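# Examination of the molecular architecture
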Amino acid sequence: MKRLIIMLLIVSSAAVPTQAQSKSKAQKKYDLTIMTNKEQQYPLRVFRLLRDIRDKFGMRQGQTYSVLKNPNTGLIESAERITRFSCLVDELKTIDQVFMDDEPFSYQILHLLPGNPQQFDIKVVSADGQRSSNLPIRTKPTQEMWYLAAKNLENPQLRDVYAIVWETDDLGIEAKGTIYGISSLRPDLYTKNQDASKNTFRIDGRVGNDLTDSLYVVYMANTLEELDKLPDDAFIEYMPVVNRHFSFSVEIDKPKVGRIRTVMPDGSLCHLWTNLDFVPGETYHITTHNGYYEEDRDYEQRVGRFSGKSLIAPQQKSVTITGDFKFEDSEDDNVADTSDVETVESYLGRKLPPEEVAKAEARVKAIQADMQMIDEAFEAIKNMPSPASSVRLEPHYKHILTLSKSIDTHFQGLTKVAKDNCLSPNEQVEMYKFIIDMYRYQNKKLNELRSIRLTKNAQKLQKYINGQIEKYLNEMSKL
């Protein structure tokens, strides 16, 4: 947005001579007539005018400035700037024309003149749409007010408000007033949400900076069994990513089960997905990352698997992959589910000749041992007295990195056994799903430790894990 404004300012300064001669200096300053509507698409004249008044005549005393950003994406979710000003009335003579010139780029504009008894408030809606408040801006009939609201270009969920209110002294020479710049959730969305809240289930999603996902799809069914039988193309809606945000809502009269799945850049569906409960009147918040996601623990506690009300079986509570075996999150989040390793061993035992089974068994046992030691290292970090120093933490993170690399070495041995014995591409894909789940588990444990401290070796570990997940996803895509 900043680059767009700078570009437009440069373009607007190059007005042709005939325009410059026919307009006053003050009018020319806010002239963008050489631009097409498609190029502008935003009330930039109003933005520039109020900014200039604030910069020249604004008072520091009593000024309000606040910005709320999403901690995962860095995008603004709400902002507020309120500035009192004092200037000569002549400095405001271009306001009428500037606001009217930008009227095509707004969805609401209002002008109240002195003598009109109407008071006016700005409705400010919280980022989650759960709370709203009214900000009084015109409180006296002696005030003049211009108000303009436009859709935020960075986030269509937000509304930008530009307003100026002032009154003059008895001689009509000096003006004193206030300038408002407010960005918040659009009130029409808030009202719609309130009306439909009783039976509406919503997904409010964010995409972390470590991902470039641009599209998700949603599936829904009455039971998990029905959901698992749905074909890949039976999704009910697309969820495009706009400004690292995606969303979904559906009207339902009873709890159902749903699934979120990523659409890959080539149009194929990701082999991993997230199952969750769809509950009327609830909103599920999720932030996706490379190899893991931040789930809505509060939601799960109220209506999901942690509350015992889930329609999704506990052993399939998050990511499930179909095939000869399944990859499931552990019942105990503090312990790795090494039963998957045993399942792989059993799976290969059914597929390989007897002389090759021993090779696979040795690799599987080694992976089990490494995962056990990784769990112990994570637990040691978690139980350290706070605050934990880098000197004490670094060896544990370094040890986990060494074990993670060991797991990869043993898994490479397993894949060699599989290829040497001509396992089909689909069967090899199942093995890759297994190792990806192993690394996802470590990523999840690392994320839980962020409140303790991520040292230099911890950052190396996370970079390695994310690289492994990306590597094996690419390998699966080739197959």
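Residues numbered from 1 in each chain as written. Predicted model: local features only at pLDDT ≥ 70, side-chain atom pairs only at ≥ 80, totals over all residues. Heavy atoms only, no water.

In spatial order, the strands read E1-E2-E8-E7-E6-E3; together these 6 strands make up an open sheet with antiparallel pairing. Of all the strands in the sheet, the pair left with one neighbour each is strand E1 (64–69) and strand E3 (108–112). Between one strand axis and the next, the sheet turns by 10° as a mean value, whatever way the strands run. In the packing of helix H5 (residues 44–57) onto the sheet, the strands contacted are strand E2 (76–88), strand E6 (144–151), strand E7 (158–168) and strand E8 (174–185), and the crossing angle to E2 comes to about 60°. (Pairing = 2+ DSSP bridges. Helix = DSSP H or I, 4+ residues; strand = E, 2+ residues; numbered from the N terminus. Axes fitted to C-alpha atoms, helices over the stretch in contact; angles between N-to-C directions. Contact = heavy atoms within 4.5 Å.)

Turning our attention to the pattern of salt bridges. As enumerated under the stated definition, the model contains 9 salt bridges in all. In this structure, Arg 206 and Asp 204 form a salt bridge, with 2.8 Å as the shortest nitrogen-oxygen distance. We note a salt bridge from Arg 261 to Asp 232, for which the minimum N-O separation is 3.0 Å. Of this pair, Arg 261 sits in strand E13 (residues 256–263) while Asp 232 sits in the loop between helix H8 (224–229) and strand E11 (237–240), and the two are 29 residues apart along the sequence. (Salt bridge = Lys/Arg side-chain N within 4 Å of Asp/Glu carboxyl O.)

Evaluated as defined, the whole model comprises 15 aromatic pairs. When the centroid spacing of 5.4 Å and the interplanar angle of 85° are considered together, the rings of Phe 411 and Tyr 472 count as edge-to-face. With Phe 411 in helix H12 (residues 390–420) and Tyr 472 in helix H14 (residues 456–478), this residue pair connects regions lying 61 residues apart in the sequence. On the basis of relative accessible area, Tyr 472 is assigned to the buried category, the value being 1%. Put simply, the rings of Phe 201, Phe 248, Phe 278, Tyr 284 and Tyr 299 pair up and form one aromatic cluster. The ring of Tyr 464 has Lys 405 sitting right over it, with the charged end atom 5.8 Å from the ring centre. (Phe/Tyr/Trp six-rings, centres within 6.5 Å; stacked < 30°, edge-to-face > 60°. Buried < 20%, exposed > 50% of the residue type's maximum accessible area, 1.4 Å probe, protein only. Lys NZ or Arg CZ within 6 Å of the ring centre and 35° of its normal.)

Here the focus is the nonpolar core. With 40 residues, the main nonpolar core has Tyr 397, Phe 411, Ile 435, Ile 436, Tyr 439 and Leu 446 as its most contacted residues. Of all the secondary structure elements, the ones that give two or more residues to this core are strand E14 (269–278), helix H11 (354–382), H12, helix H13 (425–448) and H14. In terms of residue count, the dominant contributor to this core is H13 (10 residues). Once residues within four sequence positions are removed from consideration, Ile 436 is found in contact with Leu 272, Ile 469, Tyr 472, Leu 473 and Met 476. (Core = buried A, V, L, I, M, F, W, Y, C linked by side-chain atoms within 4.5 Å.)

This next bit is on a nonpolar patch on the surface. On the surface, a nonpolar cluster with roughly 290 Å² of combined accessible area is contributed by Tyr 65, Val 67 and Ile 76. For Ile 76, the position within the fold is in strand E2. (Patch = residues over 30% accessible without salt bridge, like charges linked within 9 Å, V, L, I, M, F, W, Y side chains within 5 Å. Areas by Shrake-Rupley, 256 points an atom, 1.4 Å probe, with all protein chains shown as cover.)

This paragraph deals with the environment of Ile 179. As for its position among the elements, Ile 179 is in strand E8. The buried category is assigned to Ile 179, whose relative accessible area is 3%. Ile 179 has contacts with Leu 50, Ile 53, Arg 54, Arg 81, Ile 82, Thr 83, Phe 85, Ala 163 and Ile 164, leaving out every residue within four places of it along the chain.

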